[in-house]
Amino acid sequence: MRVAVVGVQGDVAEHVTAVERAAASRGHAVEATAVRNAGVVPDCDAVALPGGESTTISRLLHRRDIAPELVAHVEAGKPLFATCAGLIVAARDARDSRVETLDVLDVAVDRNAFGRQRDSFESRLDVAGLDDPFPAVFIRAPAVADVGPDVEVLATVDGQPVAVREGPVVGLAFHPELTDDFRLHDVALFDPLAGD
Amino acid sequence: MAEPTDLENLRRGTDLVKRGFARMQQGGVIMDVVTREQARIAEDIGAVAVMALEAVPADIRKRGGVARMPDPANVEGIIDEVSIPAMGKSRIGHRKEAEILEALGVDMIDESEVLTPADDRYHIDKREFTAPFVCGARNLQEALRRIDEGAAMIRTKGEAGTGDVNQAVHHQRNIKGAIRQLTGMNHEEREKWAREHEAPGHLVHETAEMGRLPVVNFAAGGIATPADAALMMYHGCDGIFVGSGVFGAEDPERMGTAIVDAVNDWDNPEALAQVAGAAGSGMSGESNASLPEEEQLQDRGV
């Protein structure tokens, strides 16, 4: 099994580690690869789209021709796990012309919805499908503002959706890769592949 | 759906939140800007963040005199202009400049040797701030002292404003080399190393066990071309600060775009050749070797 971690910018190494831990917990032999060029995503079973700066990431995904590969990946029904800036990039609409989104997740997203870095926070978060709260780290985090009809909301903060799922795509406004808790990597990347 | 979380049980300004912010900058280029127009350009050409300061280091060198934090009105203008993080520089040991920058809403504070130090013995106690800090270091012991004071990111000092990458390479090699040394030591040898280098023991052990700094490690100081940026990535940096190198270049947009691309293509010589060819000519610069000791910025705040 091969998992791509989109690696053009952001906390890529942290995601690679979390993917490997989640895979090991299931006894999967997984090769997790940081991807900075076109041509790798089509050979991968699942993709993680990390946090970072959404303006920079979206610009590089298009400049480096990785964007159409990610769209094709989701159209083929394969798992995509998008966190923070990744969620913004995956969305239908980032409500900001500086980010050219992939439109693979039917939500509109407000960037920096909780404020600047001084407003960034961590909190225990109840997430649908998990037995115990998740240690969620929000960094200049976005929030989901408008949810399409096929999108399931998995968690909210102050009434705003911060975790969503639509088909093979899971999007989070926070950073599971910054903690040792890989349950959400497991759910997003490996649950859908369990039938294979 | 799960029970909603409310905003009351949130923890702000924790180490995880501060270091996490720095982690999001990895693989990115942070550009020095003096005006909001430059900030606009920096965001458009792919900077992950902008660093507000009063004058770029090359101009601070030429101008001489006391270099201080940027004008608050200008910082506010830069914050308003961009959606990416805006950082600002304070003088070493100048707690009040740092508090002002934090109150203005900057996303990270650079306690920087490029400005004139306000305290010749102590750095700011950064642990008490909600805003994360980045600090410069010439070697591992300096880096660990700054992390112990609360820095969430380390950058090489290099020799800012020269356009000469020599000292940034020197500092990065110092840091990486010392980590390799520590990794091969046993407990008591690491304790001895910590004492001899005036480095905090717990961080010496943590670094040795991780085989890297516990916070992200950027390159800064004298990076003037795409090839310079690629060289620092080759030396194991997590990202790049460019000071005078972008807006001191012949065509800042072309140079900035090329440096952003070079950070992605640092290990691909064919792509790098194309990137370097599209950059235009760099800032003129001045060799480190010709700088008299009193003009070197890197010896400030060790």
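Structure: see above.
The structure presented is a predicted model; accordingly, all values stated were derived computationally and were not measured. (Residues numbered from 1 in each chain as written. Chains lettered and ligands numbered in written order. Predicted model: local features only at pLDDT ≥ 70, side-chain atom pairs only at ≥ 80, totals over all residues. Heavy atoms only, no water.)

Colleague: Explanation requested: the overall build of chain B in the structure shown.
Modeller: Each helix and strand counted, chain B has 13 helices and nine strands in total. A globule of 302 residues ought to have a C-alpha radius of gyration of about 19 Å, and chain B, at 19 Å, matches this closely. Seen along its three principal axes, the alpha-carbon backbone of chain B occupies a region of about 50 × 50 × 50 Å. Classification of the 302 residues of chain B by burial places 60% in the buried group. A fraction of 67% describes how many contacts in chain B between residues 6 or more apart in sequence connect residues 24 or more apart. Total accessible area on chain B is roughly 11,800 Å²; 46% of this is exposed by carbon and sulfur atoms. Separation of charge centres in chain B, based on 32 positive and 51 negative side chains, amounts to 5 Å. (Helix = DSSP H or I, 4+ residues; strand = E, 2+ residues; numbered from the N terminus. Rg over C-alpha atoms; globule rule 2.2 N^0.38 Å. Buried < 20%, exposed > 50% of the residue type's maximum accessible area, 1.4 Å probe, protein only. Contact = heavy atoms within 4.5 Å. Areas by Shrake-Rupley, 256 points an atom, 1.4 Å probe, with all protein chains shown as cover. Lys, Arg positive; Asp, Glu negative; His and termini not counted. Charge placed at Lys NZ, Arg CZ, Asp CG, Glu CD.)

Colleague: In this structure, what is going on with helix α1 (residues 12-26) of chain A? I would like to understand it.
Modeller: Every α-helix winds through 3.6 residues per turn, so residues three or four apart in the chain are directed the same way. Residues and elements named next belong to chain A. Here α1 contains 15 residues, and its C-alpha end-to-end distance of 22 Å stays within 8% of the 21 Å for a straight helix at 1.5 Å per residue. Where α1 is concerned, the buried positions are V12, E14, H15, V16, A18, V19, A22 and A23. In the stretch just after α1, G27 is the one whose phi turns positive, near 75 degrees. (Expected span 1.5 Å × (residues − 1).)

Colleague: Sorry if this is basic, but what is going on with the interface of chain A and chain B here?
Modeller: By a frequent convention, interface size equals the accessible area lost on bringing the separate parts together. Taken together, the contact between chain A and chain B spans 46 residues of the former and 52 residues of the latter. If you look at where chain A meets chain B, you find eight salt bridges. Note that A:R36 and B:D267 form a salt bridge whose closest N and O atoms lie 2.8 Å from each other. There are 30 residue pairs in polar contact (both at pLDDT 80 or more) connecting chain A and chain B. Here strand β7 (residues 121-125) of chain A pairs with strand β1 (residues 11-12) of chain B via two bridges, running antiparallel. Considered in β1(B), the bridge of A:F121 is made with B:R12. (Salt bridge = Lys/Arg side-chain N within 4 Å of Asp/Glu carboxyl O. Polar contact = N/O pair within 3.5 Å; in protein donor to acceptor, adjacent residues only side chain to side chain. Pairing = 2+ DSSP bridges.)

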